[in-house]
Amino acid sequence: MKFSIERGVLLKAVAQAQSVVERRNTIPILANVLIEADGSDVMFRATDLDIEVVDKAPAQVERAGATTVSAVTLHEIVRKLPDGALVTLTDDGAAGRLTVEAGRSNFNLATLPKEDFPVMASSEYSSNFSAPAPVLRRLFDKSKFAISTEETRYYLNGVYMHVADADGGRVLRCVATDGHRLARIDADLPDGAGDMPGVIVPRKTVGELRKLLDDDDAQIAVSVSETKIRFATPAITLTSKVIDGTFPDYTRVIPQGNTRRLEVDAAEFAQAVDRVATVSSERSRAVKLSLEEDKLTLSVNAPDSGAAEEELAVAYGDERLEIGFNAKYLLEIASQVDRENAVFLFNSSGDPTLMREGNDTSAVYVVMPMRV
Amino acid sequence: MPALCRSCLTELNTSSPPRRCPSCGSPRLIAHDELFSLSIAHMDCDAFYASVEKRDNPELAAKPVIIGGGRRGVVSTACYIARIQGVRSAMPMFQALKLCPNAVVIRPRMSAYVEASRAIRAMMDELTPDIEPLSLDEAFMDLSGTARLHGHPPAVMLARLVKRMKDELGLTGSIGLSHNKFLAKIASDLDKPNGFSVIGKAETAAFLHDKPVRLIWGVGQAAQAQLEKAGIQRFSDLLRWERDDLHARFGAMGDRLWHLARGEDRRRVSAHAPIKSISNETTFFEDTSDPELLDGHIWRLAENVADRAKAKGHAGRVVTLKLKRANHTLLTRRLSLRDPTQLADRIYRTARDLFDAAGDQGPYRLIGVGISDLVPADDADRAPDLLDPTAGQRTEAERATDRIRARFGKDAIIKGRALR
């Protein structure tokens, strides 16, 4: 195998590969990226056995072939090469070495045979549809903060993507929760997605997927089966197993009867929460919200470290209410609001609180209060 | 040289101490240059549980007595007669009975031991307010600055303490007297039972020089193995190490070792040594892998841990499940909670999740449940789980149960699960 490729193109492909390989794996081949040169393209394939990413890049292929080499080492080398350099990769199959040349730099890397590389089995996808990158970006960006990291509840370690019935008809919906807060984000149902099985997309996959979604004009081909999900652009294909578990019935968690309505400028609110939380004890980070007519007082009282208070002018017309929250959770949901005011709907100081942007119900957040 | 008679508490100061007490003739005389200036002591009762049993039942006096639970349990305490035949604390009971088949095995009567311990504690309270109990039967005492108050140096008051324990309670203890906790603890073990040992500043270095590092309280088998790998077996080996190198290799323990090797220990005798964890475990009569049975145990252990946490106003952020398999290999699983807890319900559910997630087949001989990373109860159980809508009701039920128990006794109300 021998081919030449522009440094920037190579860097992008190898960067994607090295972020998928598991740093602490015990199987040497899984640290490697499979490089396959054929025709006018080179494919870079990396896997951690749960996720597989294939990046196709244009190159001048002199001699077709394939080999595997450490993804992290190759990435480090390419990263340090000067911008605009032309990189030539030559595989000496007999010696088990890959030569990387660029200008006056010359590297010689150990390879492992391509036959040892575990290529993810292809599977039958029951549903195939296409969605614009910005739509998927919104679905995952606004929900991923609520993904749980708790391993005993592994079925919460991802975003539940499924088809649901909303007020305006059927929608493509992403839900994530860790038992403390929940995000439910809806998007118009793409053509062909109606019979998609609901799947839990693992946290790592959500992170890798994000790199495919930067281009506003891109259309992402999505394929879903009971066990796998695939996202593809013309250059990159990301295939992932989905979490084998049942996502809890989140609908009963979302309060329907909360009537006490607070409307507040999200940015002002977030800044005020952030300020008063400075004095709260490191771990609980509890902030108290005291509501009376058109006035919100945020306060923290930490016996060990001090106290803080800040008032905000808000729209609120219900009875007085005092309710506590974890400051971090409040900040996270407030930062999801980007166009209009944040609208909070409370019931009592012990019940889940709902937050949305203006009257837009296509993105709702639920947060559990804490005793203060 | 200062000297003291442990029988009649006569204080002497002669150039060469006599072999017997000039006033009562007792040979139980201790003499040491620093005897009347040292003030950090460690008192350790001799075979405490067994001694209480022998005191309460004189028929046992001449028999080997082992305190411990059941055929499957371990030796909690062995009297000195049983120890002669090789029985040791923490030895599996079957092994102890092999060594000492005529031993009288007694199930622990904790209430009797607690009562005896309280009586000893009351006597110690008369000596100093700086008492740090390590368990029911041992404690550190700092008697610095009490000589003027008592009219006698600490050594005399300590000798009087063990004399009173023997005369009034029928229990003996051993005293270690030195200039810090580390050495006092070592000293109390040098002359057991009914002993009194002194390690002065002057001989500290020479005393430690050839001693094995396992003398250090807290250096168990694992740490010993680690040290041995570095070629450290004795205190003299430690002295060859630079402080930075010890730190680099052993972290915080390295710093401590560097000081201890020089006989230095700056820890204070503190009555309020913070509790770091609360845990409870049980050894089964028969190895088991029955999930129903194990579930019942997890609940009872969780409830016991919760009761103790509630009594002290503690809550834990980390819940730990410990399982010992039939082949004695250990399986531990822990989970850090976002919202710490002191509730039996949440400890149980977390431990149960850990058990399910462990995916291990067993069978097991022991199961344990504990909480650690403790916080005040006020900072706990503040944020109910969104996905568990009945959690709030269960919390209310548990608090109500606690109130009923406080009024009508511990068995007034129990969960069906506890009967499994």
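Residues numbered from 1 in each chain as written. Chains lettered and ligands numbered in written order. Predicted model: local features only at pLDDT ≥ 70, side-chain atom pairs only at ≥ 80, totals over all residues. Heavy atoms only, no water.

- Under an unreviewed UniProt entry, the name given to chain B is DNA polymerase IV, and the source organism is Rhodalgimonas zhirmunskyi.
- According to UniProt, the comment filed for chain B under the heading Subunit (unreviewed entry) is "Monomer." (UniProt positions renumbered as here; feature names shortened; annotations may be inferred.)

- For chain A, the name recorded in an unreviewed UniProt entry is Beta sliding clamp, with Rhodalgimonas zhirmunskyi as its organism.
- As its UniProt record puts it under Subunit (unreviewed entry), chain A is described as follows: "Forms a ring-shaped head-to-tail homodimer around DNA."
- Its UniProt record gives chain A the following Sequence similarities (unreviewed entry) comment, quoted word for word: "Belongs to the beta sliding clamp family."

1. A few points about the overall build of chain A
No. 1: For chain A, the count of helices and strands is 6 helices and 26 strands.
No. 2: On the principal axes, the C-alpha backbone points of chain A span a range of 80 × 50 × 35 Å.
No. 3: Counting every position in chain A, which comprises 372 residues, the buried fraction comes to 54%.
No. 4: Across chain A, the fraction of contacts at a sequence separation of at least 24, relative to all contacts at a separation of at least 6, is 67%.
No. 5: Counting only carbon and sulfur atoms, one obtains 46% of the accessible surface of chain A, whose full area is about 16700 Å².
No. 6: Distance between charge centres in chain A, computed from 42 positive and 57 negative side chains, equals 4 Å. (Helix = DSSP H or I, 4+ residues; strand = E, 2+ residues; numbered from the N terminus. Buried < 20%, exposed > 50% of the residue type's maximum accessible area, 1.4 Å probe, protein only. Contact = heavy atoms within 4.5 Å. Areas by Shrake-Rupley, 256 points an atom, 1.4 Å probe, with all protein chains shown as cover. Lys, Arg positive; Asp, Glu negative; His and termini not counted. Charge placed at Lys NZ, Arg CZ, Asp CG, Glu CD.)

2. Some details on the UniProt feature "domain: DNA polymerase III beta sliding clamp N-terminal" (unreviewed entry) in chain A
No. 1: Sites flagged by UniProt as "domain: DNA polymerase III beta sliding clamp N-terminal" (unreviewed entry) map to residues 1–120 of chain A.
No. 2: Between the first and last C-alpha atoms of residues 1–120 of chain A the distance is 23 Å; the span itself is 20% helix and 48% strand.

3. Some remarks on the packing of helix H1 (residues 48–56) of chain B against helix H4 (residues 110–125) of chain B
Residues and elements named next belong to chain B.
No. 1: Where H1 meets H4, the axes come as close as 10 Å, and the angle between the chain directions of the two elements is 100°. In terms of their interaxial angle, H1 and H4 are classed as roughly perpendicular. The residues of H4 that touch H1, namely those facing Phe48, Tyr49, Val52, Glu53 and Arg55, are Met110, Ala112, Tyr113, Ala116, Ser117 and Ile120.
No. 2: The class makeup of the residues in the contact of H1 with H4 is 8 nonpolar, 1 polar and 2 charged. (Axes fitted to C-alpha atoms, helices over the stretch in contact; angles between N-to-C directions. Parallel < 35°, antiparallel > 145°, perpendicular 65-115°, else oblique. Nonpolar A, V, L, I, M, F, W, Y, C, P; charged D, E, K, R; others polar.)

4. Quick look at the nonpolar core
No. 1: Within the largest apolar cluster, 101 residues are counted, with the highest numbers of intra-cluster contacts made by Ile35(A), Phe44(A), Phe140(A), Met161(A) and Phe269(A).
No. 2: Contact partners of Phe140(A), with chain neighbours within four places excluded, come to Val159(A), Met161(A), Cys174(A), Val201(A), Val206(A), Leu209(A) and Phe231(A).
No. 3: In this structure, Leu9(B), Ala47(B), Leu161(B) and Val162(B) belong to the second largest nonpolar core, which totals 53 residues. (Core = buried A, V, L, I, M, F, W, Y, C linked by side-chain atoms within 4.5 Å.)

5. Topic: the interface of chain B and chain A
No. 1: At the interface, 18 residues of chain B touch 24 residues of chain A.
No. 2: Summed over both partners, the interface of chain B with chain A buries about 1900 Å², with 54% contributed by carbon and sulfur atoms.
No. 3: It is Arg382(B), Leu386(B) and Leu387(B) in chain B that bury the most area against chain A; as a group they hold 43% of the surface buried on that side.
No. 4: The interface formed by chain B and chain A includes 2 salt bridges.
No. 5: At the boundary of chain B and chain A, one finds 6 residue pairs in polar contact (both at pLDDT 80 or more).
No. 6: Listing elements by their share of the side of chain B that touches chain A, those giving two or more residues are strand E14 (330–341) and helix H14 (344–358) of chain B.
No. 7: Top element by residues in the side of chain B that touches chain A is H14(B). It accounts for 3 residues. (Buried area = accessible area lost by both parts, 1.4 Å probe. Salt bridge = Lys/Arg side-chain N within 4 Å of Asp/Glu carboxyl O. Polar contact = N/O pair within 3.5 Å; in protein donor to acceptor, adjacent residues only side chain to side chain.)

6. Some points on the domain arrangement of chain B
Residue and element names in this part refer to chain B.
No. 1: Along its sequence, chain B is organised into domain 1 (32–202), domain 2 (215–261) and domain 3 (277–419).
No. 2: Put simply, the middle of domain 1 and the middle of domain 2, counted by C-alpha atoms, are 28 Å apart.
No. 3: Counting residues at the interface gives 4 residues for domain 1 and 5 residues for domain 2.
No. 4: Together, Phe182, Lys185 and Ile186 form the three largest contributors to the area buried by domain 1 at its contact with domain 2, with a combined 83%.
No. 5: Remark: the boundary between domain 1 and domain 2 carries 0 salt bridges.
No. 6: Counting across the domain 1 and domain 2 interface gives 0 residue pairs in polar contact (both at pLDDT 80 or more).
No. 7: If one sorts the elements of the side of domain 1 that touches domain 2 by residue count, helix H7 (residues 181–188) sits on top with 3 residues. (Domains from an automatic or database assignment.)

7. Comments concerning the UniProt feature "binding site: Mg(2+)" (unreviewed entry) in chain B
All names here are of chain B.
No. 1: According to UniProt, the "binding site: Mg(2+)" (unreviewed entry) feature falls on Asp44 and Asp137. Across 94 residues, the annotated set stays spatially compact, with a maximum C-alpha separation of 6.0 Å.
No. 2: Within the secondary structure, aspartate 44 sits in strand E4 (residues 40–45).
No. 3: As for its position among the elements, aspartate 137 is in the loop between strand E8 (131–135) and strand E9 (138–142).
No. 4: Once residues within four sequence positions are removed from consideration, aspartate 137 is found in contact with Met43, Asp44, Cys45 and Phe48.

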